[in-house]
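Fold and geometry: a report
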Amino acid sequence: MELLKKNEDFRNCYRQGRSSSRANRLLVLYHTKNGLPHNRIGISVSKKVGNSVVRHRIKRLVREVYRLQEDSMRNSSSSDGGSDIVVVARRSANGASYHEIESALLALLESSGLRQTQ
């Protein structure tokens, strides 16, 4: 799993991926093609969501869901290159369980075409 770390990469994904963004109650997802043979993921959790413990917990949960689903995503994106994916947590993600985060992220990935429906 490769992570987005540079502010420039996040901004690029926000600008170019805005038309292909998806959202639900817990998460917002932006994605854009990156020209690389693999996907990169970035996770953004604002201070409005909670303190550092809460923010880091949400990041860990999203990262774990993505890690477990990475193989099914790689199959769907291998033919046309990889994508930069940015996941933004909403305030309602504070206190959400692993299964809620998992179902929210998987629904976003499937609706955006980044993951094949199982």
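Our structure is the block above this text.
This text gives an overview of the structure that appears in the document. Bear in mind that the values here come from a model prediction, so they are computed numbers and not experimental data. (Residues numbered from 1 in each chain as written. Predicted model: local features only at pLDDT ≥ 70, side-chain atom pairs only at ≥ 80, totals over all residues. Heavy atoms only, no water.)

**Considering helix α3 (residues 98-111)**
For α3, which comprises 14 residues, the first-to-last C-alpha distance of 20 Å matches the rise-based estimate of 20 Å (1.5 Å per residue) to within 8%. Here α3 has its buried residues at Ile101, Ala104, Leu105, Leu106, Leu108 and Leu109. Looking one or two places after α3, you find glycine 113, whose phi comes out positive at around 85°. (Helix = DSSP H or I, 4+ residues; strand = E, 2+ residues; numbered from the N terminus. Expected span 1.5 Å × (residues − 1). Buried < 20%, exposed > 50% of the residue type's maximum accessible area, 1.4 Å probe, protein only.)

**Quick look at the sheet that holds strand β2 (residues 22-23)**
Reading across from one edge, β1-β4-β5-β3-β2 is the order of the five strands in this open sheet, with mixed pairing throughout. The open sheet is flanked by β1 (2-3) and β2, the only strands paired with a single partner. Sheet topology places strand β4 (residues 40-44) next to strand β5 (residues 83-89); five bridges connect them, and they run parallel. Residue pairing for β5: glycine 42 is matched across the bridge by valine 86. Of the strands in this sheet, β2, β3 (27-33) and β5 touch α3, which is tilted by about 35° from β3. (Pairing = 2+ DSSP bridges. Contact = heavy atoms within 4.5 Å. Axes fitted to C-alpha atoms, helices over the stretch in contact; angles between N-to-C directions.)

**Looking at the packing of aromatic side chains**
Counted under the stated rule, the structure contains one aromatic pair. Relative to tyrosine 30, the ring of tyrosine 14 has its centre 5.1 Å away and its plane inclined at 85°; by these criteria the two rings are edge-to-face. Taken together, the residues span a long stretch of sequence, with tyrosine 14 in helix α1 (residues 7-16) and tyrosine 30 in strand β3 at a distance of 16 residues. Accessibility expressed as a relative area gives 23% for tyrosine 14, which makes it partly exposed. The buried category is assigned to tyrosine 30, whose relative accessible area is 12%. (Phe/Tyr/Trp six-rings, centres within 6.5 Å; stacked < 30°, edge-to-face > 60°.)

**With respect to the pairing of β3**
Extensive coverage of β3 is indicated by the burial of six of its seven residues. By the bridge criterion, two bridges tie β2 to β3 in an arrangement that is antiparallel. Residue arginine 22 lies in a different strand from β3, and its bridge partner there is leucine 29. Between the antiparallel neighbours β2 and β3 lie three residues. In terms of strand pairing, β3 meets β5 through seven bridges, oriented antiparallel.

**A look at the pattern of salt bridges**
Tallied over the entire structure, the rule returns four salt bridges. Notably, a salt bridge pairs arginine 40 with aspartate 9, separated by 3.8 Å at the nearest N-O pair. Of this pair, arginine 40 sits in strand β4 while aspartate 9 sits in helix α1, and the two are 31 residues apart along the sequence. Salt-bridge contacts for aspartate 84 lead to arginine 40; the nearest nitrogen and oxygen are separated by 2.8 Å. Residue aspartate 84 is located in strand β5, and its partner arginine 40 is located in strand β4; the two are separated by 44 residues in the primary sequence. (Salt bridge = Lys/Arg side-chain N within 4 Å of Asp/Glu carboxyl O.)

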